[in-house]
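# Structural features, examined
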Amino acid sequence: IPSMYENSLLVQLMKRLGGRRANSILLSSAAGIGDNVRLDEVPFDDIAPAPIKNSLPPPAALSFSGKQDDTWATLVVNGCSATDSALWRRSYVHILNGGQERAFFVKFQGEGVTDQGGPYRAVLNKIVAEEASLSDVLNVARSFAADNADEQGGGASSLSTQLEQEVSTQALFALCSNSDQPDAPNRDSLWFNSRVADSTPTLALYNFLGKVVGLCMRHQVPIALPVAIQFWRYLSQDRMSLADVAALDLAAARAIAVAYMLGKPQPTNPALLETAATLSNIDLTDMDDDDIEELVDDVSCALQRLLPSTSPFKDNGLGHHVDSSAQLLSRANLVSAAQEAQWHFLYGQHRLKAASFEFGLGCSIPIRVLPIFAASEIQSLFCGAEKLDVELLERVAVYDKSCSRADAHIEFFWSALRDDHCFSEHERSQFLMFCWARSRLPTSMDAFTMPFKITAPTGAAAAEPDQHLPTSQTCFFTLTLPKYSSRAILVKKLKYAIKHTKSMDADFRVSNDEE
């Protein structure tokens, strides 16, 4: 297993669900959501449809001491078994779970909480968030390396260099190449990490992540996975073009565009030529033959890093080509080389990673129906609304008998949540995690499985509201909001709660057998 993932929640869940059947599974959590996580399987009698239920063997008890004796190969084989695929298609709904579908139950060891939906959503969101957060770590490492290089006269510290190398060579997704180009679009979008080798352990991680993402979609748990729209175009089977290359790597797109413009003959597709002309921004009428030949040499060098190693146009770096039949790049074959480079960039380079993810996704959902949707619709199905729609949230809000929409502190709450000066988009996402254990809202009222309930506290919090923090019940999407005397106090208390709450201890007292 790549060292970056040894203690990740993704690998822990993968190992235990990829092995033998279990009624109770223990996970040590590196995610800050509990000391240990226990996954309790759904009762087999409640599994549907019948063909899946009848094919499953009876569950066997399995306990973990923190040491794994299973080999990696065994885990991969077991993870692809028929029973495991059936696990990912379960949609059990407990009568007390407010309509939350699930494949298993979750128990946070040492925390007083019963999984009635909140812990289940928290675990799924955390697995995906761990992967997305690696891009943030890489950004910090690069920034740290750049700052140290400036301070030390051009030499980055070994610590920052090592951190950047570890993350960039092990993360499944990385910021696309446009992140380093100031004038490029989509600088904060993730894409397949080209520095990760297509090894069996890595592809198994892509496969398992696909299963988790599919499970989130099946059970209506929107995820915050900020991948580029081109990722979803793989699933919708949209034909991608030069514009898609530009959305991920503007420099690469410009090199390909210039090659199209210089080639003889030029491509016959008028849309492609129009895009190439816009991206290349060159005027061949002002150039003589020497200028054009020099430009061909420059473009040839740029295309070398985009071509696959098996390309007949690929230079091996020694001034020779891959084989004796290799072709030197010239205006006559420049278009062919550019077409191959474009295809390899969009499809060939990451075909194994994309296929592994898609095969995993197919264990949870019927992926054959995805092409009937546009890429943006698929993104919406999996990720929900990128920004928290406060107006939509207010429309699904209900209030208990102890408070109403007309109360002053309720007005403070809604006005503050709308105000960008009070809450950023990231803080609104944190607020949703605090209340509902998910980072994104559904895109419509019909997709809500329960209303957003606001209640008033009792006891000391009711007597002295300004001295107490708000609390929540993530299983039931409920916020208990003290009647604060001002909007400023409400913002201060709510921000503290959403940023510092890492456990679910307030629901009830921990029993002796869990202490």
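Structure shown above.
The rules behind the values
Residues numbered from 1 in each chain as written. Predicted model: local features only at pLDDT ≥ 70, side-chain atom pairs only at ≥ 80, totals over all residues. Heavy atoms only, no water. Core = buried A, V, L, I, M, F, W, Y, C linked by side-chain atoms within 4.5 Å. Buried < 20%, exposed > 50% of the residue type's maximum accessible area, 1.4 Å probe, protein only. Helix = DSSP H or I, 4+ residues; strand = E, 2+ residues; numbered from the N terminus. Phe/Tyr/Trp six-rings, centres within 6.5 Å; stacked < 30°, edge-to-face > 60°. Lys NZ or Arg CZ within 6 Å of the ring centre and 35° of its normal. Contact = heavy atoms within 4.5 Å. Salt bridge = Lys/Arg side-chain N within 4 Å of Asp/Glu carboxyl O. Pairing = 2+ DSSP bridges. Axes fitted to C-alpha atoms, helices over the stretch in contact; angles between N-to-C directions. Parallel < 35°, antiparallel > 145°, perpendicular 65-115°, else oblique. Left-handed = near helix turned anticlockwise from the far one by under 90°. Nonpolar A, V, L, I, M, F, W, Y, C, P; charged D, E, K, R; others polar.

## Remarks on the nonpolar core
General note: in soluble globular proteins, nonpolar side chains tend to be found buried as a group. Core analysis: the biggest nonpolar cluster contains 80 residues, and Phe173, Trp232, Leu242, Ile256 and Leu303 have the highest contact counts within it. Counting residues per element, this core draws most heavily on helix α10 (residues 250-262), which supplies ten residues.

## Topic: the packing of aromatic side chains
This structure, assessed with the given rule, holds 20 aromatic pairs. Judged by centre distance (5.7 Å) and plane angle (5 degrees), the rings of Trp436 and Phe448 are stacked. With Trp436 in helix α18 (residues 425-436) and Phe448 in the loop between α18 and β7 (452-455), this pair connects stretches of sequence that are twelve residues apart. Here the two residues Trp436 and Phe448 agree in accessibility, since each one is buried. Each ring, one from Trp436 and one from Phe477, has its centre 4.0 Å from the other, and the planes form 5 degrees; the classification is stacked. Placement of Trp436 in helix α18 and of Phe477 in the loop between β8 (471-473) and β9 (478-480) is noted, with a sequence separation of 41 residues between them. Take Phe477: its relative accessible area is 0%, and that puts it in the buried class. Connected via pairs of aromatic rings, a cluster forms that spans Phe173, Trp191, Phe192, Tyr206, Phe231, Trp232, Tyr234, Tyr347, Phe357 and Phe382. For the cation-ring pair, Arg102 lies above Tyr120, with the distance from its terminal atom to the ring centre recorded as 5.1 Å. Positioned over the ring face of Trp436 is Arg438, at 4.0 Å from the centre of the ring.

## So, helix α13 (residues 334-348)
Along α13, the residues that are buried comprise Leu334, Val335, Ala337, Ala338, Ala341, Gln342, His344, Phe345, Leu346 and Gly348. The inward-facing, buried residues of α13 contact α8 (229-236), α9 (242-248), α10, α12 (289-304) and α14 (351-364).

## Quick word on the pattern of salt bridges
The final tally for this structure, using the stated rule, is 13 salt bridges. The salt bridge partner of Glu425 is Arg428, with a shortest N-O separation of 3.0 Å. You can see Glu425 and its partner Arg428 sitting in helix α18, three residues apart, about one turn around the helix. Residue Arg428 is classed as buried on the basis of its relative accessible area, which comes to 3%.

## Some details on the pairing of β7
Note: strand β6 (residues 397-399) against β7, three bridges, orientation parallel. What sits directly across from Val398, in β7, is Lys453.

## With respect to the environment of Leu334
Assignment of secondary structure puts Leu334 in helix α13. Leu334 sits 75 residues away from Ala259 along the chain, and the two C-alpha atoms are 5.8 Å apart. In contact with Leu334, other than residues within four places in its own chain, are Ala259, Leu262, Gly263, Val296, Ser300, Leu303 and Leu329.

## Side note on unusual backbone geometry
Omega for the peptide link from Lys264 to Pro265 comes to 0 degrees, which places this bond in the cis form. Relative to the helices and strands, Pro265 resides in the loop between α10 and α11 (270-280). Positive phi is not limited to glycine here, since Asn186 has a value of about 55 degrees. Assignment of secondary structure puts Asn186 in the loop between β4 (173-175) and β5 (190-192). Positive phi is not limited to glycine here, since Gln220 has a value of about 55 degrees. On the secondary structure map, Gln220 appears in the loop between α7 (200-218) and α8.

## Examining the packing of α12 against α13
The contact between α12 and α13 brings their axes to 11 Å, and the two run at 25 degrees. With respect to their mutual orientation, α12 and α13 come out roughly parallel. Read as a crossing pair, α12 and α13 show a hand that is left-handed. Every residue of α13 that contacts α12 at Val296, Ser300 and Leu303 is listed here: Leu334, Ala337, Ala338 and Ala341. Taken together, the residues that form the contact of α12 with α13 break down as six nonpolar, one polar and no charged.

The analysis is restricted to geometry; functional conclusions fall outside its scope.
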